[in-house]
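Chain by chain, the residues:
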Amino acid sequence: MKPAIRYAVAVIVGYLFFLVASFPASHAYGFFKNGLGSLHLYGIEGSLWSGQAAQADFRQRNLGPLKWELLARKLLLGRLELVLHTQSDTSRINLAISRAFTGTVRIRQLDGAVPLAELPGLASFGPVKTQGLLNMDLRDVTVKNGFITGGAGRLIWRGAGVAAPQPVALGDFEMNFSSDASGVKGVLRDSGGPLQAQGTLLLKPDGAYQFAGTLVARDPQFAEGLKFLGTPGPNGVTNVTWSGNYAGGAKPP
């Protein structure tokens, strides 16, 4: 290719990039809002690449103001990376997520705190309503074909408990994650509350999960409730084993 042609192509590409980078976010939202599912934005300012919304709602829950930035320089590495920050009176989320041209999704960083009552799928299990705050500190989580294939970090359930049908406080629980060739492993432990809990979770690359652990009621009033999860042994230890496919919404037997 002649130098003049290469220069012309570079100028055209640069100009197109400038147009996209400066495209008003409010106009872009008009094009893409139907593809955002239950996420709704209000009071949008800035550009497609760097902007903010005065309010973000997800499934009718207020997330507070939302800021975003698309890291265009990551395109040179073959991926598009998005950085999000949102904070409300009850929660905060910082997220850096990218998608490679191959389709692989990588969560470089996810930290924040969200009440379980605001998390769809975790707020209730039938008549049982959970309560507490979920603290998140996850990094390098990779997702291929919809399955989690790697990741590290930890989740902490602070003030864990049940709000209904009867209020029950359970203490704090922590799960630390690491990954290897077999998948992502999570090690569960409690912080010394009324319920002793230990166990290991394995998320396999094909979408299957396995959890094996033990539960012990430090407070006798909780012993009866554990019978719903298994039969306590002579030493008061209840062994629990759950398995299924997390992508298919399997439930513990």
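Keep in mind it's a predicted model, so treat the numbers as computed, not measured.

### Quick look at the nonpolar core
Step number 1: With 26 residues, the main nonpolar core has Phe 173 and Leu 201 as its most contacted residues.
Step number 2: Leaving out residues up to four positions away in the same chain, Leu 201 has contacts with Met 175, Phe 177, Val 184, Lys 185, Gly 186, Tyr 209, Gln 210 and Phe 211.
Step number 3: Counting residues in each nonpolar core, the second largest holds eight residues, with Ala 25, Leu 41, Ala 53 and Trp 68 among its members.

### Notes on the packing of aromatic side chains
Step number 1: For the structure on display, the rule yields two aromatic pairs.
Step number 2: When the centroid spacing of 6.1 Å and the interplanar angle of 45° are considered together, the rings of Trp 157 and Phe 173 count as tilted. Pair noted here: Trp 157 is in strand β9 (residues 147–164) and Phe 173 is in strand β10 (residues 168–180), with a separation of 16 residues, a long-range link.
Step number 3: Judged by its relative accessible area of 10%, Phe 173 is buried.

### Some remarks on the confidence of the model for the chain
Step number 1: Of the residues in the chain, 79% have a pLDDT of 70 or more, and the chain-wide mean is 81.
Step number 2: Per-element mean pLDDT across the chain ranges from 53 in helix α1 (residues 3–21) up to 96 in strand β11 (residues 183–190).
Step number 3: Every residue in residues 248–253 scores below 50 in pLDDT, and together they form nine contacts with partners more than four places removed in sequence or on other chains.

### Topic: the environment of Leu 84
Step number 1: Relative to the helices and strands, Leu 84 is located in strand β4 (residues 79–87).
Step number 2: Owing to a relative accessible area of 23%, Leu 84 belongs among the partly exposed residues under this scheme.
Step number 3: Each C-alpha atom, one on Leu 84 and one on Gln 52, is 9.5 Å from the other, the two residues being 32 residues apart in sequence.
Step number 4: For Leu 84, the residues in contact, after removing those within four places along its chain, are Leu 66, Lys 67, Trp 68, Ile 93, Asn 94 and Leu 95.

### Here's the deal with the pattern of salt bridges
Step number 1: By the definition in use, this model includes seven salt bridges.
Step number 2: Here Arg 108 and Glu 81 are joined by a salt bridge, their closest N and O atoms 2.8 Å apart. Here Arg 108 is found in strand β6 (residues 105–115), whereas its partner Glu 81 is found in strand β4, with 27 residues between them in sequence.
Step number 3: When the shortest N-O distance is used, the salt bridge between Lys 185 and Asp 180 registers 3.4 Å.
Step number 4: Lys 185 gets classed as partly exposed once you look at its relative accessible area, which sits at 33%.
Step number 5: Of the residues examined, Asp 180 reaches a relative accessible area of 39% and is grouped as partly exposed.
Step number 6: One salt-bridge network, in which partners are shared between bridges, spans Arg 154, Glu 174 and Arg 189.

Conventions used here
Residues numbered from 1 in each chain as written. Predicted model: local features only at pLDDT ≥ 70, side-chain atom pairs only at ≥ 80, totals over all residues. Heavy atoms only, no water. Core = buried A, V, L, I, M, F, W, Y, C linked by side-chain atoms within 4.5 Å. Buried < 20%, exposed > 50% of the residue type's maximum accessible area, 1.4 Å probe, protein only. Contact = heavy atoms within 4.5 Å. Phe/Tyr/Trp six-rings, centres within 6.5 Å; stacked < 30°, edge-to-face > 60°. Helix = DSSP H or I, 4+ residues; strand = E, 2+ residues; numbered from the N terminus. pLDDT = per-residue confidence, 0-100. Salt bridge = Lys/Arg side-chain N within 4 Å of Asp/Glu carboxyl O.

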